[in-house]
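The lines below spell out each chain.
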Amino acid sequence: MPEERTRRRITVNGIVQGVGFRPFVYSLAQKHGLSGFVENASSGVRIEVEGRSKDLDCFAAALGRDFPPQALLSTISAISIPSTNDCRFSINLSRKSGSVDTLISPDIAVCNGCLTEMFDPADRRYRYPFINCTNCGPRHTIIENIPYDRPYTAMRGFKMCAYCQAEYDDPGDRRFHAQPNACPVCGPRLTLYGAEREIVAGAEAAVGLVADFLKKGKIVALKGLGGFHLAVDATNEEAVRVLRLRKAREGKPLAVMVRDILMAKSFCLIKEIERQVLLSSAKPILLARKRAGQGLAPSVAGGSTLLGLMLPYTPLQHLLFEQLDIPLVMTSANLSDEPICKDDDEVFKHLTGVADYFLSHDRDIYLRSDDSVVSCLAGNKARVIRRSRGYAPAPIPVKDDGPQVLAVGGELKNAICLLKGKQAFLGQHVGDVKNLETYGFFQETIAHLCRIFEGKPELIVYDQHPDYLPSRWAVAQGEVPTLAVQHHHAHLASCLAENRVNGPVIALVLDGTGYGLDRTIWGGEILVGDYRFFDRYACLEPMPLPGGDAAIKAPWRTAVAYLHETFDGRLPDLPFLNDHDFGPVQEMVSKNLNSPRTSSCGRLFDAVAAMIGGCQEIKYEAQAAIELMQSASCLAERPYICDIEDQGGLRMIMVRSIIKGVAGDVASGVAPTRISGRFHRTLVEVLVEEVTRAARELGIKTVALSGGVFNNYLLFNGLITEFGRTGLNVLSHSSVPTGDGGIALGQAMIGRYHLLG
Ligand code: ZN
Ligand code: ZN
Ligand code: FE
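Notes on the structure in this doc start here. (Residues numbered from 1 in each chain as written. Chains lettered and ligands numbered in written order. Predicted model: local features only at pLDDT ≥ 70, side-chain atom pairs only at ≥ 80, totals over all residues. Heavy atoms only, no water.)

### With respect to the coordination of the iron ion (ligand 3)
The protein atoms that coordinate the iron ion (ligand 3) are His487 (NE2), His491 (NE2), Asp511 (OD) and Asp740 (OD), at distances of 2.0 to 2.2 Å. In this structure, the iron ion (ligand 3) is coordinated by four donor atoms arranged in irregular fashion, with angles at the metal of 90 to 165 degrees. Going along the chain, you hit the donors of the iron ion (ligand 3) in the pattern H-x3-H-x19-D-x228-D. Of this pair, histidine 487 sits in helix α14 (residues 487–498) while aspartate 740 sits in the loop between β32 (729–731) and α23 (743–756), placing them 253 residues apart in sequence. (Donors = N, O, S within 2.8 Å, 3.2 Å for Na, K, Ca; no water. Tetrahedral: all angles 85-135°; square planar, octahedral: opposite > 155°, others 65-115°. Helix = DSSP H or I, 4+ residues; strand = E, 2+ residues; numbered from the N terminus.)

Structure (structure tokens):
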């Protein structure tokens, strides 16, 4: 007697569209002899399967286990329904209805299947730079609207040829419903332009010519997934110097693209976890330790002990490296502080005179997206420093459901966040929202994120700093209620949210600048709190910042001010002072002219860096602190004496006592590397002691670490080791940036709890 047939309806939510999920379900159903259908619903993917219950169980198990590599399942639910006695399995067409809970995949590096085809002379896509399939290719950057279907993408202008259409329609094909599917006959094409915008070559010859130009030291703008790169031979010092000069980018290390992992290992020490990051489908820039004498042009990463490396991720980049055995500098094509260029018009307008050639194509980029940056140097764990291409807009799962909130982030390293249900959509890196161009990009990103995720926020949250452009944007919205959130409270909440805990916690928040409740600048804080409240338990002693921003740009000014404050105006005789006209700075501080007070940890690093003869004027953000960290070979054994004072219930970590110690060592000629080691040791000890004290007093067992200073892995690793002895549970960031790129998540969570009352 034949076994009875049963039918189930299975709903899958997560990243399940545009990643080959339906063909996977189709072949799985075939394999287990089931009938039914699969379809994209706006609320996910809906499956109905019918067959013997034993086969249904096998199907369900494989569904949650063997799904395609780029899919990300957040929930699977199943119910039994009456059988319909259908006899075949089919894929139903897309439909748009209800709410959109289906997630848009980030852009995905070209897969091995496509690479094999691209280098196969017999394949019809041989050497075709826009090859892709459901496992790979552009996604987030080409989507204009949802659902993720070709008419809503940058591919809508390309009508598929009969061959491509047949693949697209065949459920058994790797390109079934691959929206960017294309071939040399019907798809996008390359065009190579010269400096005067004249056409140098079309699709066929372009790659070969570009490889030759690069070998000759020319600068080429290359259109990629999220925007243009400027590429140049990373071993050609003269060429790299010209690039820096033309781009007006001094000092800040440049990222390098290498052909393969072998070449990566020739430039950097690559640990296993770092190898995995380099090879991952997000293909971020990995910050890794440089090898000595590796043959790169000195101007690439100057005196840095680290190098940013990445592997090719577009078919075009692979085609180029087929003809090159040199590493390439690959830096975002923009002028300093402006967003990455994404269109021909932009790139011609901004980079004429910078690039010698422009290799472009006719597939539009809807949303610009920089390369992401990841480091594994802290705690041997991959931590995202800049979250952009390959990661955004994959959701950060949060613990509980609640009202929808939009958070607009801070001013520097801006990223926005749409919190919807149990998912936080953290947008791609926008940058420093200080000029009109970046402000425009900021607004584009909000519009885009709200469109593709159907955002209808009940509240808009912004940083309390009244002068930030994102804050002004939020306040100007009018129709939606707004909430201002303190900067370091947002850091605290961001760390809680990423770790899916509710607190309360002790939060150690260390960063450069954040507007404080008392209208001074905070940045070296021990807070206690959760999403609803926070209290300041301890902070670094506030010190004067002569000229505000002027001091941030010139650490020597900060050093003079800190010394002036420490030694009551009588500066000790330290070598770095010989190079500066410090009198006016002292006068500003003593007369309290334009010298706001700050408890910033970043500024303390600046002051110490300048005092030991390190960076006197910065060329990029956090330069002095980064160089100070790199100058220490390890944490020293002996810390400086650091006093604590109780000031009306707020514990003050006395910066002056640390400055006194550092000044003493500098005066007696102690080596900078040792001073840096002692300085780091001092911070580790005093911070762990104060946090532990707070935890004991308040009966809290969890500590959250957040703020840009935690990108300092010497400090971070030292803290982790010391906290390990205290028995405290330590939370830190990994998939959300610890710097200001992560605060929008915290803002959004605080906003949600504000609405919940
Ligand atoms: Zn592929
Ligand atoms: Zn075609
Ligand atoms: Fe911050």
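### Here we look at the side chain of glutamine 404
Tracing the sequence through the fold places glutamine 404 in the loop between β18 (396–397) and β19 (405–407). Polar side-chain contacts of glutamine 404 include one of 2.4 Å to the backbone nitrogen of lysine 456. The residues touching glutamine 404, leaving out its near neighbours within four places in the chain, are Leu418, Leu419, Lys420, Glu454, Gly455, Lys456, Pro457, Glu458, Leu459 and Leu755. (Polar contact = N/O pair within 3.5 Å; in protein donor to acceptor, adjacent residues only side chain to side chain. Contact = heavy atoms within 4.5 Å.)

### Describing the sheet that holds strand β23 (residues 482–485)
Spatially, β18-β21-β20-β19-β22-β23 is the arrangement adopted by the six strands of the open sheet, whose pairing is mixed. The open sheet has two edge strands with one neighbour each: β18 and β23. Where β19 and strand β22 (residues 459–463) come together, three bridges link them in parallel fashion. Following the sheet pairing, leucine 406 is matched in β22 by isoleucine 460. Strand contacts of α23: β18, β19, β20 (417–420), β21 (423–426), β22 and β23, with the helix running at about 130 degrees to β22, the strand carrying the most contacts. (Pairing = 2+ DSSP bridges. Axes fitted to C-alpha atoms, helices over the stretch in contact; angles between N-to-C directions.)

### Considering the pattern of salt bridges
Here the structure, examined in full by the defined rule, presents 37 salt bridges. Of the charged contacts, one joins arginine 156 and glutamate 144 as a salt bridge, the two residues approaching to 2.8 Å between their closest N and O atoms. With arginine 156 in the loop between α3 (112–118) and α4 (162–169) and glutamate 144 in the loop between α3 and α4, this pair connects stretches of sequence that are twelve residues apart. Looking at arginine 156, the relative accessible area reads 44%, which means it is partly exposed. Measuring nitrogen to oxygen at the nearest pair gives 4.0 Å for the salt bridge that ties aspartate 212 to lysine 215. Taken together, the residues span about one helical turn, with aspartate 212 and lysine 215 both in helix α5 (residues 203–215) at a distance of three residues. According to the relative accessible area criterion, aspartate 212 is partly exposed, its value standing at 33%. Among the charged side chains, a network of salt bridges with common partners joins Arg5, Arg7, Arg9, Glu48, Glu50 and Asp86. (Salt bridge = Lys/Arg side-chain N within 4 Å of Asp/Glu carboxyl O. Buried < 20%, exposed > 50% of the residue type's maximum accessible area, 1.4 Å probe, protein only.)

### A short note on the packing of helix α21 (residues 672–698) against helix α22 (residues 713–724)
Axis separation between α21 and α22 bottoms out at 9 Å; the angle between their running directions is 40 degrees. Regarding the angle of α21 to α22, the classification is oblique. Judged by the sense of rotation from one axis to the other, the crossing of α21 with α22 is right-handed. Of α22, the residues touching α21 (which contributes His680, Arg681, Leu683, Val684, Leu687, Val688 and Val691) are Leu714, Leu715, Gly718, Leu719, Glu722 and Phe723. When its residues are assigned to classes, the contact of α21 with α22 shows nine nonpolar, two polar and two charged. (Parallel < 35°, antiparallel > 145°, perpendicular 65-115°, else oblique. Left-handed = near helix turned anticlockwise from the far one by under 90°. Nonpolar A, V, L, I, M, F, W, Y, C, P; charged D, E, K, R; others polar.)

### As for the nonpolar core
In terms of nonpolar packing, the biggest core is built from 94 residues, with Phe21, Ile47, Phe59 and Leu63 touching the most fellow members. Considering every element that reaches this core, the biggest residue donor is helix α12 (residues 436–452), with seven residues. Residues within four places of phenylalanine 21 in sequence aside, it is in contact with Val12, Val16, Val45, Leu63, Phe67, Pro68, Ala71 and Leu73. If you look at the next biggest cluster of nonpolar residues, it comprises 72 residues, including Leu306, Trp556, Ala610 and Ala663. (Core = buried A, V, L, I, M, F, W, Y, C linked by side-chain atoms within 4.5 Å.)

### Overview of the coordination of the zinc ion (ligand 1)
The zinc ion (ligand 1) binds to the protein through Cys111 (SG), Cys114 (SG), Cys133 (SG) and Cys136 (SG), with metal-donor distances spanning 2.3 to 2.4 Å. Viewed at the metal, the four donor atoms of the zinc ion (ligand 1) are separated by angles of 104 to 119 degrees, and the geometry they form is tetrahedral.

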